[in-house]
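The lines below spell out each chain.
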Amino acid sequence: MSFHTEARTTLKLAFPLVIGQVSQMLLGVADTVMLGKVGVTELAVLTFANSLFYLPFVFGIGVLTAISVFTSNARGANDASAGRASCRHGFQIATVLGLVLSLVFCALTPLLGYFDQPPEVVARTPTFYLIIMVSMMPALMSIALKNHADAMDRPWPAFWIFLGGVVLNVFLNWVLIYGNLGAPRMGLEGAGWATLTSRILIVVGMLAWLNRSRVLAEWVPNRWLRAPVRSDVKRFLGIGFPSSIQMTCEVAAFSGAALLIGRFGEASMAAHQIALMCAATAFMVPLGIAMALSVRIGEAAGRGEHERLRPIALSGWSIAATWALISAVTFFTMGSQLAASFNDNNYVVSLAAKILVVVGVFQLVDSLQIAASSMLRGLHDTRVPALIGFVSYWLFGIPIAVILSSFLQWRAVGVWWGLALGLTIACCTLCWRTWRKTAHAAI
C-alpha cells in the first residue's frame, strides 16, 4: 500500500481514538476548571493528588497496552480464540492490578506530609486522595475493555460510552462541588466522588455492550472468570510490563516535576496544573494516532506483511508532526488566554502562560516519540524502549530540571525545560530505533 493509502487508513482508525482520548482528558479539564473557580488551594490539592494517582495509573495502562498488541495480532491472523484470550486475560489482569495498586497507594495516605508540599495543601488532600485512588480499579478495567474494542476496529461504541462518562462526571461535579439540586456543597471531595461514580458506570456500560455485540460475539469471552492460562499471562506481561516501565518513567518525571514545583508554593502548583492540563489535552491527539499505529503495525505484522511497516510508520509520523505544529502555534499565541480560562489569579495566569511557551517548544518531539514507542510496542519491542525512557527522563530530564529550577533559579519554568530535554532525547532514540525495526521487522 502507498504512503497516502496508509495515511488515510491510519486517520480513519485514529479519528475516534483521538476523540475518545480528548474526551477522557475532559474529565481532568472539567475538574481543573470547576475547582479552579473554588480556589487556588483546591487546585493545588488536585495537582498534588493527581501527581500521585497518575504514577500507578499509567503503570497499569502500560501493562494493558499488551491487549492492543495481542488482539491486533490475533485479528491479523484471524484467530478469534486468541482474541478472546487477550480480552479475558487483559480484563482479569486489570481487575487484580487495579485492586492491588489502589490498596497500596491508599496505604500511603499517612505519608503525604513527607512530600514537602505546602502545609495547607497536605491538610486538604487525604479524603480526595483516597477517593481518587479507589477509582483506579474501575478506570483500569474500562481501559482494558476499550483496548480490545479499539484493536478490533470497533472504537465508536467505546467512544460513546466513555463520552457519556465524561458528561456524567461534569454533571455530578456541578451537583456535588457547588451543592446544586439540593445536594450538600462538597467542594474538592465532590469532584472525587463524581469521578469515582463515572468510572464505575463506564465499566458497566462497556461490559453490557461487549456482551451484547453481535459483531464481536466471536471475539468476546463467554466465560470472563475462566482460570487464566499461565503461559498466556506470561507472554502478556512480557509485553505489558516493559511498556508500563517506559510509560511510567515519563509520567513519573511529570509527577516528580509537580513535586519539585510544589516547593515554590501553591500558586506555582496551580500554574503547573493549568499548563499540564493544556499540554495533556493536546497530547491526546498524537496519543490517539499512536494507538492506531500500534494496532495497524501489530495487525500487519500478524499477517506477515512486513513491507507495509515503514509506510505505516512514515504516514503516522507525518500526521503526528502536522498536529504538533498546530498545537505549538496555539500555545505560542494563545497561552495567556488559555491560562485565564482556568483561573483569575494574575500571578497564576502569568506563570502558566510562560510554561505554555515551553510546552509549545516540545510539541513536535513529544508527538513523534509517542508514535515511535507505540509502533515498537506493536512489534513486541518493549524492553529497550523502557531503558530509553528511564535514561531520557531520569538521567537527563529530571536532573536538568533540578539544576535549572533550583541552582539557576528558573523555578517552575526551569522544571519544564528539563522535561523538554528528556522528551527530546527520547524522541531521537525511539524514532531511530523504529526506523531500523520497520526495515526488517519480524515477530
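Residues numbered from 1 in each chain as written. Predicted model: local features only at pLDDT ≥ 70, side-chain atom pairs only at ≥ 80, totals over all residues. Heavy atoms only, no water.

*Asks:* Is there a simple way to explain helix H10 (residues 266-302) in this structure?
*Replies:* In an α-helix, one turn spans 3.6 residues, which is why side chains three or four residues apart end up on the same side. Spanning 37 residues, H10 covers 50 Å between terminal C-alpha atoms, matching the ideal 54 Å at 1.5 Å per step. Most of H10 is tucked away, with 32 of its 37 residues classed as buried. Where H10 ends, the next residue or the one after it, Gly304, has phi of about 80 degrees, a positive value. (Helix = DSSP H or I, 4+ residues; strand = E, 2+ residues; numbered from the N terminus. Expected span 1.5 Å × (residues − 1). Buried < 20%, exposed > 50% of the residue type's maximum accessible area, 1.4 Å probe, protein only.)

*Asks:* Hey, could you run me through the state of the cysteines in this one?
*Replies:* Two cysteines joined by a covalent bond between their sulfur atoms form a disulfide. On inspection of all chains with the given rule, the structure shows zero disulfides. Cysteine Cys428 shares no disulfide, and the gap to the nearest cysteine sulfur, in Cys427, comes to 5.3 Å. (Disulfide = S-S within 2.5 Å.)

*Asks:* Is there a simple way to think about the nonpolar core in this case?
*Replies:* Proteins that are soluble and globular tend to have nonpolar side chains buried together. Ranked by size, the top nonpolar core spans 118 residues in total, and within it Phe128, Met133, Trp317, Ile355, Val359, Phe362 and Trp416 carry the most contacts. Per-element accounting of this core gives the leading share, 22 residues, to H10. Counting residues in hydrophobic clusters, the runner-up holds 19 residues, among them Met141, Ala149, Trp219 and Val220. (Core = buried A, V, L, I, M, F, W, Y, C linked by side-chain atoms within 4.5 Å.)

*Asks:* Quick question: what am I supposed to make of the packing of aromatic side chains here?
*Replies:* Geometry of an aromatic ring pair is reported as the spacing of the ring centres plus the angle between the planes. Considering all chains together, one arrives at 13 aromatic pairs under this definition. Where Phe171 meets Trp174, the ring centres are 6.2 Å apart and the plane angle is 35 degrees; that geometry is what we call tilted. Pair noted here: Phe171 and Trp174 are both in helix H7 (residues 155-178), with a separation of three residues, about one helical turn. On the accessibility criterion, Trp174 (37% relative accessible area) is partly exposed. The interplanar angle of 0 degrees and the centroid separation of 6.2 Å between the aromatic rings of Phe362 and Trp416 together place this pair among those described as stacked. With Phe362 in the loop between helix H12 (346-361) and helix H13 (363-378) and Trp416 in helix H15 (residues 411-437), this residue pair connects regions lying 54 residues apart in the sequence. Residue Phe362 is classed as buried on the basis of its relative accessible area of 2%. Its relative accessible area of 0% is what places Trp416 among the buried residues. A connected cluster of aromatic rings, assembled from ring pairs, spans Phe15, Trp156, Phe159 and Trp160. The side chain of Arg199 reaches across the aromatic face of Phe57, ending 5.8 Å from its centre. Seen from the ring of Trp435, Arg310 lies directly overhead, with NZ or CZ sitting 3.5 Å from the centre. (Phe/Tyr/Trp six-rings, centres within 6.5 Å; stacked < 30°, edge-to-face > 60°. Lys NZ or Arg CZ within 6 Å of the ring centre and 35° of its normal.)

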